[in-house]
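This is what each chain is made of:
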Amino acid sequence: MAAVTDLAAAKETLLAELREHSLILGEVTLASGAVAQYYVDARRALMRPAGFRAAGELIAAAAVELGAEAVGGPATAAIPPSTAAIAVPAGDDLVAFFVRGERKEHGLQRWVEGPVGPGMRCLVVEDTVTTGGSTAKAIGRIREEGLEIAGVVAVVDRLAGGAEKIEAAAQAPYRALLTIDEIYPERPDRG
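What comes next concerns the included structure. (Residues numbered from 1 in each chain as written. Predicted model: local features only at pLDDT ≥ 70, side-chain atom pairs only at ≥ 80, totals over all residues. Heavy atoms only, no water.)

Moving on to the side chain of Thr135. Inspection of the secondary structure puts Thr135 in helix 5 (residues 133–144). Non-local contacts of Thr135, meaning those with residues more than four positions away in its chain, are made with Pro74, Val124, Glu126, Val129, Val152 and Ile166. (Helix = DSSP H or I, 4+ residues; strand = E, 2+ residues; numbered from the N terminus. Contact = heavy atoms within 4.5 Å.)

Attention shifts here to the sheet that holds strand 5 (residues 112–113). To summarise the sheet geometry, strands pair through backbone hydrogen bonds and adopt either a parallel or an antiparallel arrangement. With mixed pairing, six strands are arranged side by side in an open sheet as 5-4-3-6-7-8. Strands at the two margins of the open sheet, each flanked by one partner only, are strand 5 and strand 8 (174–179). Examined bridge by bridge, strand 7 (residues 148–157) and strand 8 share five bridges and lie parallel to one another. Along strand 8, the bridge assignment pairs Val156 with Leu178. Its contacts with the sheet place helix 3 (residues 49–66) against strand 3 (70–74), strand 6 (121–129), strand 7 and strand 8, and it is angled at close to 145 degrees to strand 6. Its contacts with the sheet place helix 5 against strand 3, strand 4 (95–99), strand 5, strand 6 and strand 7, and it is angled at close to 160 degrees to strand 6. (Pairing = 2+ DSSP bridges. Axes fitted to C-alpha atoms, helices over the stretch in contact; angles between N-to-C directions.)

For any pair of aromatic rings, the description rests on two quantities: the centre-to-centre distance and the angle between the ring planes. Scanning all chains against the criterion turns up one aromatic pair. Between the aromatic rings of Tyr38 and Tyr184, the centroid separation amounts to 5.4 Å while the plane-to-plane angle is 80 degrees, which identifies the pairing as edge-to-face. A residue pair is termed long-range when its members are at least 10 positions apart, and Tyr38 in strand 2 (residues 35–40) and Tyr184 in the segment after helix 7 (180–183) qualify at 146 residues. For the pair formed by Tyr38 and Tyr184, the shared burial category is buried. (Phe/Tyr/Trp six-rings, centres within 6.5 Å; stacked < 30°, edge-to-face > 60°. Buried < 20%, exposed > 50% of the residue type's maximum accessible area, 1.4 Å probe, protein only.)

With that settled, consider the nonpolar core. Membership of the largest hydrophobic core comes to 34 residues, with the highest contact counts inside it found for Leu14, Leu18, Ile59, Leu123 and Val155. Listed by contribution, the elements that provide at least two residues to this core are helix 1 (7–21), strand 2, helix 2 (43–46), helix 3, strand 6, strand 7, strand 8 and helix 7. With residues up to four places along the chain from it excluded, the contact list for Leu14 reads Leu46, Gly51, Ala54, Ala55, Leu58, Val155, Leu177 and Leu178. Trp111, Cys122, Ile139 and Ile142 belong to the second largest nonpolar core, which has 22 residues in total. (Core = buried A, V, L, I, M, F, W, Y, C linked by side-chain atoms within 4.5 Å.)

Let us look at the environment of Val152. Mapped onto the elements of the fold, Val152 is located in strand 7. A relative accessible area of 2% means that Val152 is categorised as buried. Along the chain, Val152 and Val125 lie 27 residues apart, while their C-alpha atoms are 5.8 Å from each other. Ignoring anything within four residues of it in the chain, the contact list for Val152 reads Leu123, Val124, Thr135, Ile139, Ile166, Ala170, Pro173, Tyr174 and Arg175.

Right, let's get into the pairing of strand 2. With five bridges joining them, strand 1 (residues 23–29) and strand 2 adopt antiparallel strand pairing. Opposite Thr29, over in strand 2, you have Val35 as the bridge partner.

Right under this line is the structure:
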């Protein structure tokens, strides 16, 4: 299959992949502790070729637009989207990184892993945002390492208040590639 270069087509592909592979109906406890009647496991779409390429095109385009040199965020949530961004032609000038949940006790004892260093401009990525807590925490670690945050992109925003928390933490623009309204418009809790 040829690389996706049309961003509107990439968004449609990503939406179709998320609907087919990532939307899970039924009661689930979220990372925040809240109970939901549906779950979006974006990695199920991002770790398939079509979803990976489509997300990569969209994230790489956002990174280029914001002048970022690197893409990454909290492990494990940022690993598929950040590696997707560096795997597409538009991401040829980017590098990827991830933020550990706990500092490594051996080796270099780093919080942020990857070929990044102080002063680099980065795009923070996350697979799914609900409350924004893990992303905000990762943003704090990224700042401590001296990286500059150009913006934040979520593959999916559940529209549960996370955007505001993330924008406040990042002090940079936040956007979602897709929202739960687009993926599951008939959901029972839609406001």
